[in-house]
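Topology and contacts: notes
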Amino acid sequence: MDMRLLDHAKFIGVTVCEDSSVNAVTMSEGRIMNLTSRRGNGEKFEVAADLFIDATGRSRVLSKLIEKNERRHDDHTAKNSSLFVGFKSHLKGANAAKGTCEIYLFPGGYGGLSPIEVGLTNHCFLVRSAVAREFGGDANKIVENVVFRNKRAAKTLMKAEPIRDWLAVSIDCFGMADLNPASNLLTVGDSAAFIDPFTGSGMLMAFESSALLAETIFLNRDTQEIIADSYHAKYRQRFAGRLRVCSVLRRAALVPYLPGFAISLLNLSKRSREFLADATRSPKLRRPKVL
Ligand SMILES: Cc1cc2nc3c(=O)[nH]c(=O)nc-3n(C[C@H](O)[C@H](O)[C@H](O)COP(=O)(O)OP(=O)(O)OC[C@H]3O[C@@H](n4cnc5c(N)ncnc54)[C@H](O)[C@@H]3O)c2cc1C
């Protein structure tokens, strides 16, 4: 999918700089003047523009470079520390039925498992950073000692083994971040807001927010202030409700005994399950099949 998007961008005339990463911004009076980027071979180059978009995902590279710049000026040293660590790997030997998705709640986190191709399953879970530290960041130990406190997970995953190293990411905030960190910088995708992985709709939000910003820029081409205000208003209208519901669900998932009680209630009513699934995604794409 990424390759198709990239090929299409090139086809319609976008200049794509591959194998390069942005590592500095030059600011003047609250505006980005240019970005400094470095190619894989170490060569540096600069990019100047009227308007910049931070689409660097959870790392929010441009936004953080600006925050760093501002901290330098304000002599303010506050730093975000990570809240959760997310782990993911493909497993062999899990006892999961095809076409199902199991969600596990356990003390200090939650996770999910779903079968993928050639008899493998995708296992993904989030734990509080303190839990990850307690086990030295060793995903296998966390599975055995923490995830397996969920009896269903222990039963399904007892004989499962990862077929490759676990991938790990730190997550330092959920919900909406700054949509307009500098007067000529706007954010999309995970850089704008990080929706909980259990909704399975992070990619959808990345597409929707990018389309929303593209449309806003197209309609207000020459007026950056109006672009920012209009994007802010439309973004809130489209996503604030979803992000609020996810925040309530995430907090509830980490309260002892509440998840079990809530799941028993949801088991009784298909309508309430559908309502919950609807509340975490776009109205246009509502009604996924709820089992
Ligand atoms: C554990 C976990 C499970 C998930 N499961 C799902 C799921 O089942 N379904 C779903 O839809 N979503 C899921 N997501 C969320 C999904 O992965 C993201 O929401 C989505 O990829 C966001 O897209 P994005 O384009 O904003 O960011 P990304 O996909 O992260 O893309 C950011 C891009 O910016 C580039 N970049 C970063 N730094 C620089 C730099 N300095 N210079 C230049 N380029 C840079 C990166 O190389 C990357 O290509 C999950 C997330 C996690 C953590």
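Within each chain, residues carry numbers counting from 1 in the order of the written sequence. pLDDT decides what is reported in this predicted model: residues at 70 or higher carry local features, side-chain atom pairs at 80 or more are listed and counted, and totals for whole chains, interfaces and linings draw on all residues regardless.

**Quick look at the overall build of the chain**
Rules: Only DSSP runs of H or I with at least four residues qualify as helices, and only runs of E with at least two residues qualify as strands; both kinds are numbered from the N terminus onward. Our radius of gyration looks at C-alpha atoms and nothing else; its globule reference is 2.2 Å times the residue count to the power 0.38. Counting other C-beta atoms within 10 Å of a residue's own tells you its class, since 20 or more makes it buried, 12 or fewer makes it exposed, and anything in between is partly exposed; those C-beta atoms are placed from the backbone. Any two residues are considered in contact once their C-beta atoms, placed from the backbone, lie within 7 Å.
The helix and strand tally for the chain stands at 10 helices and 13 strands. Against the globule reference of 19 Å for 291 residues, the chain gives a C-alpha radius of gyration of 21 Å, in line with a compact fold. Seen through its principal axes, the chain has C-alpha atoms that stretch 55 × 45 × 45 Å. Counting over 291 residues, the chain shows a buried share of 23%. Sequence separation of at least 24 residues holds for 57% of the intrachain contacts in the chain that already meet a minimum separation of 6.

**Describing the site of the ligand**
Cut-off, in case you're wondering: Contact assignment follows one rule, namely that a residue is near a molecule or strand if its backbone-placed C-beta atom lies within 6 Å of it. In this classification, Asp, Glu, Lys and Arg are treated as charged, Ala, Val, Leu, Ile, Met, Phe, Trp, Tyr, Cys and Pro as nonpolar, and every other residue, Gly included, as polar.
Looking at the ligand, there are 21 residues lining it, with G57, G86, G189, G202 and M203 nearest. Where the shell around the ligand is concerned, the elements lending two or more residues are β1 (20-28), β5 (84-92), α6 (189-192) and α7 (202-219). Looking at the shell around the ligand, the element that brings in the most residues is α7, giving 4 residues. For the shell around the ligand, the residue count by class is 9 nonpolar, 10 polar and 2 charged.

**Considerations on the nonpolar core**
Put simply, the rule reads: Joining buried Ala, Val, Leu, Ile, Met, Phe, Trp, Tyr and Cys residues through C-beta atoms within 7 Å gives a set, and that set is a nonpolar core.
In this structure, L62, I66, L185, L186, A193 and Y231 are the most contacted members of the largest nonpolar core, which totals 23 residues. By residue number, the principal contributor to this core is helix α8 (residues 224-253), which donates 6 residues. Ignoring any residue separated from it by four or fewer positions in sequence, one finds L62 in contact with V22, V25, F52, D54, T56 and L185. Judged by nonpolar contacts, the second largest core, of 22 residues, contains A94, F106, A139 and A153.

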